[in-house]
Amino acid sequence: MKIIIGADHGGLLLKDKITQHLKDKGYDVEDVGTYSAMSCDYPMIAKELTTRVLDDSANLGILVCGTGIGMSIYANKVKGIRASHCTDTYSARLTRQHNDSNVLCLGERITGMGLALDIVDEWLSASFEGGRHQRRVDMINELDEVK
Ligand code: RB5
């Protein structure tokens, strides 16, 4: 499994903290930027990250911006992406188990560093349960065919 991580300027510090945290735990992490505090456009980062997540079905993505909302709005418009904006560990676990979430969105200006790292850990350690949840995820995937 590879973790792709990205942030705009509003999520830079949390992105770097999560990246170090995951590397310390032995995860293979690819950082798609941003790399400085200079203002940038979160859709550009979300575009790059979602493309790389979709390169391999084993990949997972973490997007950070000021609120986590802009990133999640963009990511959920990309076919094959199920992005979850989380501010608590329960949602982080359930969105992997039930929604087969493949992108986690966090807000650096909303969620403190300690809780954010717990959310990341919970999200990564949970796995999709399939069964009735697969049927529901399939119904979401069918939306991609409706234009
Ligand atoms: C940047 O100021 C901010 O708009 C962005 O980080 C994010 O919160 C957007 O949803």
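Residues numbered from 1 in each chain as written. Predicted model: local features only at pLDDT ≥ 70, side-chain atom pairs only at ≥ 80, totals over all residues. Heavy atoms only, no water.

J.: Explanation requested: the packing of helix H4 (residues 89-99) against helix H5 (residues 113-125) in the structure shown.
T.: Relative to each other, H4 and H5 sit at 20 degrees, their axes nearing to 8 Å. The orientation of H4 relative to H5 falls into the category roughly parallel. Crossing geometry of H4 relative to H5 is assigned as right-handed. Of the residues in H5, those in contact with Thr 89, Ala 92, Arg 93, Thr 95 and Arg 96 of H4 are Leu 115, Asp 118, Ile 119, Glu 122 and Trp 123. Tallied by class, the residues present in the contact of H4 with H5 amount to 4 nonpolar, 2 polar and 4 charged. (Axes fitted to C-alpha atoms, helices over the stretch in contact; angles between N-to-C directions. Helix = DSSP H or I, 4+ residues; strand = E, 2+ residues; numbered from the N terminus. Parallel < 35°, antiparallel > 145°, perpendicular 65-115°, else oblique. Left-handed = near helix turned anticlockwise from the far one by under 90°. Contact = heavy atoms within 4.5 Å. Nonpolar A, V, L, I, M, F, W, Y, C, P; charged D, E, K, R; others polar.)

J.: Would you mind showing me how to read unusual backbone geometry here?
T.: Omega for the peptide link from Gly 33 to Thr 34 comes to 0 degrees, which places this bond in the cis form. If you check the backbone angles, Asp 100 has positive phi at about 50 degrees while not being a glycine. Along the chain, the position of Asp 100 falls in the loop between H4 and strand S5 (103-107).

J.: So what exactly am I meant to see when it comes to the nonpolar core here?
T.: Generally speaking, a soluble globular protein has its nonpolar side chains buried in company with each other. One finds Ile 18, Leu 22, Ile 62, Leu 104, Leu 106 and Val 120 to be the most contacted residues of the largest nonpolar core, which totals 20 residues. At 6 residues, H5 tops the list of elements feeding residues into this core. Formed by 14 residues, the second largest nonpolar core is a distinct cluster that contains Ile 45, Ala 46, Ile 81 and Cys 105. (Core = buried A, V, L, I, M, F, W, Y, C linked by side-chain atoms within 4.5 Å. Buried < 20%, exposed > 50% of the residue type's maximum accessible area, 1.4 Å probe, protein only.)

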